[in-house]
Amino acid sequence: MGFARTCSVALVGVEGVVVEVQADLEPGIAAFTLVGLPDKSLTESRDRVRAAVVNSGASWPQKKLTVGLSPASVPKGGSGFDLAVASAVLGASERIDPRVLADIVMIGELGLDGRVRPVRGILPAVLAAADAGYVQVVVPECAAAEASLVPGVSVLGVRSLRQLIAVLADEPVPEEEPDERGRPDPLSAGLRLPGTGEATGLCGIAVPEHDRGHDLGDVVGQLSARTAMEVAAAGGHHVFLQGPPGAGKTMLAERMPLIMPRLTRQESLEVTAIHSVAGLLPPGKPMVDVAPYCAPHHSATMQSLVGGGKGLARPGAASLSHRGVLFLDEAPEFSGFALDALRQPLEAGHVVIARSAGVVRFPAKFLMVLAANPCPCGRFSTTNDFCECPPSVIRRYQARLSGPLLDRVDLRVDVEPVTRAELTARGARGESTKTVADRVLAGRERAAERLKGTPWHTNSEVPGRELRGRWQARAGAMDEAERGLERGLLTARGLDRVLRVAWTVADLSGHDRPDAGDVALALQLRTGIQRGVPMAIGAPAGQPSNARLASRCPGSSNRVTRSAGAGSGRSVPRKRSGGCTGTWASHGG
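Residues numbered from 1 in each chain as written. Predicted model: local features only at pLDDT ≥ 70, side-chain atom pairs only at ≥ 80, totals over all residues. Heavy atoms only, no water.

(A) Expanded view of the overall build of the protein chain. Helix and strand counts for the protein chain come out as 22 helices and 18 strands. A total of 589 residues make up the protein chain; the buried ones form 52% of that total. Roughly 25,300 Å² of accessible area belongs to the protein chain as shown, and the carbon and sulfur atoms make up 52% of that amount. (Helix = DSSP H or I, 4+ residues; strand = E, 2+ residues; numbered from the N terminus. Buried < 20%, exposed > 50% of the residue type's maximum accessible area, 1.4 Å probe, protein only. Areas by Shrake-Rupley, 256 points an atom, 1.4 Å probe, with all protein chains shown as cover.)

In structure tokens:
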């Protein structure tokens with residue numbers, strides 16, 4: 001009788017469980033039994049392992065073979081156990097010393113010819129092994145760089161089972177013939193899922209710092225929106241951009257990751273682990289160190305947004321944009337159930353999905369950018385009368401974004417149409433990405449210095465009770481916001497969010513505490529109601545808040561709105577004669 005054991009890792013979401021792979025040989029009719037709650041792909045490993053062992057020059061034991069996966073109560077799936085199963089079998093047949101295998105974690109799929117293929121989730125698997133105290137890990141050669149990101153772990157990358165046998169048996173390591181140059185490496189196919197390429201919009205786009213192809217200086221005009229994006233990047237606040245088609249909403253959202261600071265090492269490990277499980281790691285780049293950007297189509301289901309699927313749930317767009325930007329273009333066109341499912345991750349920073357196969361928890365701390373047209377035709381505005389949508393149609397269109405969802409959005413900005421003068425003007429345009437990114441980084445550093453020693457890193461994470469108790473604004477600065485709470489224009493959550501935004505504005509302006517001007521700008525960004533404050537960080541008080549105010553139609557100051565209820569977040573538009581129409585005044589908290 002022969003017995004050997006080694007270890008592998010079973011992934012549950014983005015968390016790993018170390019599994020002991022045991023092989024036992026007994027006299028009897030040759031048979032191969034695999035126990036321990038394996039799924040279909042793991043059950044098929046019996047044939048893959050047998051062919052790989054034989055084609056690697058080793059003999060297959062002609063005895064009764066039982067392979068057990070312990071703990072047996074944990075569901076196990078995937079082909080990443082192949083390498084551990086083959087090694088345990090070879091140890092039980094004494095081709096390899098069983099004592100050498102006991103403290104090694106092995107992860108990898110075997111081809112029928114004995115080649116070791118990569119699998120998704122190498123990084124979270126190695127992290128789980130390191131947390132369990134293991135220091136030796138064997139992975140496919142092409143995934144060794146990803147596994148080496150975990151400190152304190154010795155990584156051995158092998159290209160075939162023959163090489164692993166030689167290393168463990170202390171024999172000369174054979175050379176494997178490389179694949180033909182100019183052709184894609186077939187071994188890398190195991191790192192990606194079908195239908196998850198960049199064209200789907202569900203992959204995290206790793207963009208180089210200050211990419212010239214997406215420079216913020218290309219955005220014409222939009223002073224208010226640019227300021228809102230800068231505040232959002234500095235404090236981690238969510239943004240709602242509303243305006244006609246072609247005004248630049250998508251351009252602003254695409255440039256958001258470029259002005260956000262690079263990820264710290266801990267954040268990079270979190271993001272890389274999620275993308276590794278999803279099969280979305282960029283080729284040749286084992287570690288994601290820039291903020292990811294995810295822009296799903298408006299036809300996306302609730303499962304594709306928050307995660308789900310058959311068996312154990314897979315990460316959705318909310319998790320793929322962890323520590324980055326989730327852009328929902330044409331937000332009213334999304335399913336109401338899908339949008340409302342984002343409420344939990346917006347507050348908690350993670351998604352918990354319960355299925356019959358188990359409960360998984362995915363990180364989902366993202367910055368959400370919503371973009372919407374003012375009406376179905378997109379031409380509803382205070383400066384023209386081109387819209388032909390009835391008020392009831394506009395009301396129903398706007399109601400697709402629920403009040404509780406909008407109440408979690410800190411910044412709400414009306415994106416105005418670009419004028420001919422702005423579009424054809426020559427000379428200097430808006431600030432470049434590098435200029436804004438440097439200012440955002442300085443603001444983040446001020447906030448991090450103030451929050452040192454706390455579990456929070458950005459202003460958007462700080463609870464309201466802490467802001468009101470430990471980090472208060474200047475005396476009298478919050479009077480206007482508190483009056484808005486008394487009048488029902490702000491909810492209690494809205495008042496806390498105004499204070500958070502005010503702290504971000506103060507950090508960008510270099511103030512030690514928010515003053516009345518910082519709070520006024522935060523209120524203007526929160527409610528969308530003009531308050532006569534400059535819409536540029538650090539601008540003098542006498543500067544007009546928006547260059548477009550003077551160009552609005554004469555009757556726009558007497559806009560006709562009908563409130564939909566205190567704290568509802570919107571009012572109902574009403575058509576008027578005289579060339580102007582009413583507009584949505586965002587009164588919600």
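(B) Highlighting the packing of aromatic side chains. Counted under the stated rule, the structure contains three aromatic pairs. Where Phe32 meets Trp60, the ring centres are 5.7 Å apart and the plane angle is 45°; that geometry is what we call tilted. Placement of the pair is Phe32 in strand S3 (residues 31–35) and Trp60 in the loop between helix H2 (45–55) and strand S4 (64–70), with a sequence separation of 28 residues. Seen from their ring centres, Trp456 and Trp471 are 6.5 Å apart, and the 85° between their planes marks the pair as edge-to-face. (Phe/Tyr/Trp six-rings, centres within 6.5 Å; stacked < 30°, edge-to-face > 60°.)

(C) The packing of helix H21 (residues 492–509) against helix H22 (residues 516–527), seen in detail. Packing of H21 against H22 brings their axes to within 8 Å, and their N-to-C directions diverge by 125°. If you check the angle between H21 and H22, you find them oblique. Handedness of the H21/H22 crossing: right-handed. Of the residues in H22, those touching H21 at Gly494, Arg497, Val498, Val501, Ala502, Val505, Ala506 and Ser509 are Asp518, Val519, Leu521, Ala522, Leu523, Leu525 and Arg526. Among the residues forming the contact of H21 with H22, the class breakdown is ten nonpolar, two polar and three charged. (Axes fitted to C-alpha atoms, helices over the stretch in contact; angles between N-to-C directions. Parallel < 35°, antiparallel > 145°, perpendicular 65-115°, else oblique. Left-handed = near helix turned anticlockwise from the far one by under 90°. Contact = heavy atoms within 4.5 Å. Nonpolar A, V, L, I, M, F, W, Y, C, P; charged D, E, K, R; others polar.)

(D) Just the pattern of salt bridges, in detail. A complete count under the given rule lists 32 salt bridges for this structure. Notably, a salt bridge pairs Arg255 with Glu254, separated by 3.9 Å at the nearest N-O pair. Take Arg255: its relative accessible area is 5%, and that puts it in the buried class. Glu254 sits in the partly exposed class, given a relative accessible area of 31%. Between Arg323 and Glu267 there is a salt bridge; the shortest N-O distance is 3.8 Å. With Arg323 in the loop between helix H12 (317–320) and strand S12 (325–328) and Glu267 in helix H10 (residues 265–278), the pair connects residues that are 56 residues apart, well separated along the chain. Across the pair, exposure class does not vary: Arg323 and Glu267 are buried alike. Put simply, Glu347, Asp407, Arg408, Asp410, Arg493, Arg497 and Arg526 are held in one network by salt bridges that share partners. (Salt bridge = Lys/Arg side-chain N within 4 Å of Asp/Glu carboxyl O.)

(E) View of the sheet that holds S12. The parallel open sheet is built from five strands, whose spatial order is S11-S12-S15-S10-S16. Only two strands of the sheet have a single neighbouring strand rather than two, namely strand S11 (293–294) and strand S16 (411–414). Relative to strand S15 (residues 367–372), S12 is paired through four bridges, and the arrangement is parallel. Each residue of the ladder has a partner; that of Leu328, found in S15, is Leu370. Against the sheet, helix H8 (residues 223–235) touches strand S10 (239–242), S15 and S16, its axis set at about 165° to S16. This element, helix H9 (residues 249–259), spans S10, S11, S12 and S15 of the sheet and lies at about 165° to S12. (Pairing = 2+ DSSP bridges.)

(F) Structural context of the environment of Gln530. Mapped onto the elements, Gln530 comes out in the loop between H22 and strand S17 (561–563). The partly exposed category is assigned to Gln530, whose relative accessible area is 33%. Along the backbone, Gln530 and Ala520 are ten residues apart, and their C-alpha atoms lie at a distance of 9.6 Å.

(G) How the structure looks around the confidence of the model for the protein chain. Model confidence for the protein chain is summarised by a mean pLDDT of 83, while 83% of its residues fall at 70 or above. The secondary-structure element of the protein chain with the lowest mean pLDDT is S17, recorded at 35, while strand S5 (residues 104–106) shows the highest, at 97. Segment residues 194–210: pLDDT under 50, and 37 contacts once partners within four positions in sequence are set aside and those in other chains are kept. Contacts from residues 540–588, a stretch scored under 50 in pLDDT, to residues over four places away or in other chains number 109 contacts. (pLDDT = per-residue confidence, 0-100.)

(H) Region of interest: the pairing of S12. Covered by surrounding structure in S12 are Val325 and Phe327 together with Leu326 and Leu328, the residues of both alternating faces. Two elements, S11 and S12, share two bridges in a ladder whose sense is parallel. Bridge assignment links Cys294 to a residue of S12, and that residue is Leu326.

(I) Layout of H10. In this model H10 runs 20 Å from its N-terminal to its C-terminal C-alpha over 14 residues, within 8% of the 20 Å that 1.5 Å per residue would give. Counting buried positions over the 14 residues of H10 gives eleven, a clear majority of the element. Residues of H10 that are buried include every one of Glu267, Ser268, Leu269, Val271, Thr272, Ala273, Ile274, His275, Ser276, Val277 and Ala278, and no others. With its phi angle positive at about 75°, Gly279 sits one or two positions after the end of H10. (Expected span 1.5 Å × (residues − 1).)

(J) Spotlight on the nonpolar core. Counting residues in hydrophobic clusters, the biggest one holds 56 residues, and the most contacted among them are Leu241 and Met256. For Met256, the contacting residues outside a window of four places in its chain are Met229, Ala232, Ala233, Val325 and Leu367. If you look at the next biggest cluster of nonpolar residues, it comprises 38 residues, including Ala10, Leu34, Ala52 and Val53. (Core = buried A, V, L, I, M, F, W, Y, C linked by side-chain atoms within 4.5 Å.)

(K) A look at the side chain of Ser87. Along the polypeptide, Ser87 turns up in helix H3 (residues 82–92). Residues within four places of Ser87 in sequence aside, it is in contact with Leu101, Met106 and Leu164.

(L) Geometry of unusual backbone geometry. Omega for the bond connecting Ser70 with Pro71 falls within 30 degrees of zero, at 5°, which places this linkage in the cis form. As for its position among the elements, Pro71 is in the loop between S4 and H3. Positive phi is not limited to glycine here, since Glu94 has a value of about 65°. Assessed through its relative accessible area of 66%, Glu94 is described here as exposed.

(M) Seen up close, the packing of H2 against H3. Between H2 and H3, the least distance of the axes is 10 Å, while the angle of their chain directions is 60°. By the angle between their directions, the pair H2 and H3 is classed as oblique. Seen along the crossing, H2 lies across H3 with a hand that is right-handed. Contacts between H2 and H3 pair Ser45, Arg48, Val49 and Val53 from the former with Asp82, Val85, Ala86 and Leu90 from the latter. Across the contact of H2 with H3, the residue classes tally to five nonpolar, one polar and two charged.

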